[in-house]
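Report on the structure
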Amino acid sequence: MGLMPLSAQTAKPIKTLIVTGQDGSHYWRGASEGIEKILENSGLFSVDILETPDFGEDMSHFKPRFQDYGLVVINYGGVTWEKEIQKSFEDYVSKGGGVVIIHSSIIPMENWPAYNLMTGLGAWNGRDERWGPFVYWKDGRYVYDYTPGYAGYHGLQHETVIEHRALEHPILKGLPTRWKHFKDEIYTHLRGPAKNIEILATVEEKGRHEPIMWTTTYGKGRVFVDVLGHCGNDPEMIYSILCTGYQVTLLRGAEWAATGSVTQKVPLDFPLEDTYTLRPDLVAPFHAYQE
Ligand code: ZN
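Let me begin by describing the structure that accompanies this report. Once a new chain begins, its residue numbering starts again from 1 and follows that chain's sequence as written. Reporting of local features is limited, given that this is a predicted model, to residues whose pLDDT is at least 70; pairs of side-chain atoms are given and counted only at 80 or more, and all residues count toward the totals for whole chains, interfaces and linings. For the side-chain quantities, the full set of heavy atoms in the structure was used; hydrogens and water were omitted.

1. Considerations on the coordination of the zinc ion
Coordination here is defined by N, O and S atoms within 2.8 Å of the metal (3.2 Å for Na, K and Ca), and since water is not considered, a site can look incomplete. The protein atoms donating to the zinc ion are His26 (NE2), His103 (NE2), Glu185 (OE) and His230 (ND1), with metal-donor distances spanning 2.0 to 2.1 Å. Under the classification used here, a metal with four donors is tetrahedral if each angle lies between 85 and 135 degrees, square planar if opposite donors are over 155 degrees apart and the others between 65 and 115, a six-donor metal meeting that same test is octahedral, and anything else is irregular. In this structure, the zinc ion is coordinated by 4 donor atoms arranged in irregular fashion, with angles at the metal of 98 to 146°. Mapping the donors of the zinc ion onto the primary sequence gives the spacing H-x76-H-x81-E-x44-H. With a gap of 45 residues between them, Glu185 in the loop between strand S8 (178-184) and strand S9 (197-205) and His230 in the loop between strand S11 (221-226) and helix H4 (244-259) connect regions that are remote in the sequence. Take Glu185 and His230: they sit in the same class, and that class is buried. Helix numbers and strand numbers start at the N terminus; a helix is a DSSP run of H or I with at least 4 residues, a strand a run of E with at least 2. Relative accessibility thresholds used throughout: buried, under 20% of the residue-type maximum; exposed, over 50%; partly exposed, between the two (1.4 Å probe, protein chains only).

Printed below as a string of C-alpha cells:
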C-alpha cells in the first residue's frame with residue numbers, strides 16, 4: 001500500500017486550476033509545478049496548470065474556463081487580464097468559487113478594482129494611499145493606517161517566526177500558533193481596500209506585525225492570500241515552499257477556499273517556534289498523520 005493521504009479515500013479531489021506566467025522576478029513555472037505537487041500529493045486536489053501568453057504576446061488567446069473548477073490558484077505577475085476575462089473571473093468568485101493568491105500575485109493587475117477587493121492588500125505597481133490604508137497588527141487589533149506612501153517593501157530573505165492571529169479559523173485551528181518558517185522573502189507595507197479581510201497570521205519586521213496570510217470574501221466566494229512562498233529565478237530556489245508550515249497552511253487554505261471547511265488533521269511534522277521542518281518531496285512523510 002502506498003501513501004494514504006489525508007481524506008483521499010472518501011473525498012473526490014477538488015478540481016483546481018493554477019493560472020501562471022509573466023512574472024519576471026520569480027521562477028513561476030517551477031513554483032507552480034511545486035504547488036501542483038503539494039496539492040496533488042495530498043490526495044485532495046486534481047490540478048491543471050494554465051500558462052498565460054508570454055509578456056507582449058496576444059492575451060486574446062487567454063481564455064480560462066474558471067467555471068469548470070472548484071478552486072483557482074493565481075501565481076501570476078503580468079499584464080491585467082482583458083475585460084471579458086475579468087468579468088468571467090468576477091462571476092466565478094462572486095458565485096462562490098474558491099481562490100488562492102500566491103506570494104507576488106498581490107502585485108499585478110493594480111488597475112482592476114475587483115482584483116484589489118479579492119486580494120484585499122497589495123504592493124508595488126504604483127500602489128499608494130489611493131488604493132487604501134496600510135494594514136497591520138498591533139496589540140491584538142488591526143491598524144488601518146491612512147498615511148500617504150508607497151506600498152510594498154522587502155529586505156533580504158531570512159527565516160522568520162509566523163504568529164497566528166485567528167486561532168479558531170478553520171485554516172489554523174489546532175496548529176501550533178507560533179512556528180518557524182524557512183528562509184523566505186517577507187513583504188511588508190501592504191495596502192489596499194482591505195474590505196471583508198481577516199488576518200490569519202503576521203510576521204514581525206522592524207518592530208511591526210505585518211499580515212502574511214489572510215482571507216477575503218468577494219460575493220459568495222472565499223479567497224485565501226498567502227504572501228509567503230518566494231521562488232527565485234532558477235530551479236534551485238524553491239526552498240521557501242519546501243517548508244512544512246508553508247505546505248500545510250497552503251493545503252488548509254486551499255481546502256477552505258474551495259469548500260468553506262478543513263478536514264485535514266494536524267500533522268506531526270509541523271514546525272515548532274524555534275525549529276523549522278521541511279518536506280523536500282512536497283508530500284507529507286509517511287508518519288505525518290499517525291494517531
Ligand atoms: Zn518574491
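2. What to know about empty space enclosed by the protein
A 1.4 Å probe that fits into a set of points on a 1 Å grid over the protein atoms alone but cannot get out defines a cavity; an open set with protein on both sides within 12 Å along at least five of seven lines defines a pocket, and lining residues are those with an atom within 4 Å of a point. Grid points are joined across faces, edges and corners, and a volume is the space filled by probe spheres set on the points. According to the stated counting rule, one finds 1 cavity of 30 Å³ or more in the structure shown. Taken as a whole, the largest cavity spans an internal volume of roughly 60 Å³. Every residue lining the largest cavity is listed: Asp23, His26, Tyr27, Trp28, Ala31, Asn75, Ile102, His103, Ser104, Gly229, His230 and Cys231. Tallied by class, residues from the lining of the largest cavity come to 5 nonpolar, 6 polar and 1 charged. For this scheme, ten residues count as nonpolar: Ala, Val, Leu, Ile, Met, Phe, Trp, Tyr, Cys and Pro. Four count as charged, namely Asp, Glu, Lys and Arg, and the remainder, Gly too, count as polar.

3. Side note on the pairing of strand S6 (residues 141-145)
Should DSSP find at least two bridges between two strands, the strands are taken to pair. Pairing of strand S5 (residues 134-138) with S6 involves 5 bridges; the strand directions are antiparallel. Bridged to Lys138 within S6 is Arg141.

4. Details of the pattern of salt bridges
Take a side-chain nitrogen of Lys or Arg and a carboxyl oxygen of Asp or Glu: if they are within 4 Å of each other, that pair is a salt bridge. Applying the stated criterion across every chain yields a total of 12 salt bridges. Between Glu168 and Lys173 there is a salt bridge; the shortest N-O distance is 3.1 Å. Salt bridges sharing partners connect three or more residues here, namely Glu163, Arg165, Arg178 and Glu273.

5. Considering the environment of Val161
Relative to the helices and strands, Val161 resides in strand S7 (residues 158-164). Overall, the relative accessible area of 24% leaves Val161 in the partly exposed class. For the pair Val161 and Leu117, spaced 44 residues apart in sequence, the C-alpha to C-alpha distance is 28 Å. Residues in contact with Val161, not counting those within four places in the same chain, are Arg178, Trp179, Lys180, Thr202, Val203 and Glu273. By definition, residues are in contact when any of their heavy atoms lie within 4.5 Å.

6. Some words on unusual backbone geometry
At Ala194, a position not held by glycine, the phi torsion is positive, near 50°. In this structure, Ala194 sits in the loop between S8 and S9. In this structure, Lys206 is a non-glycine residue whose phi angle is positive, near 50°. Topologically, Lys206 is positioned in the loop between S9 and strand S10 (208-218). You can call Lys206 exposed: its relative accessible area is 73%.

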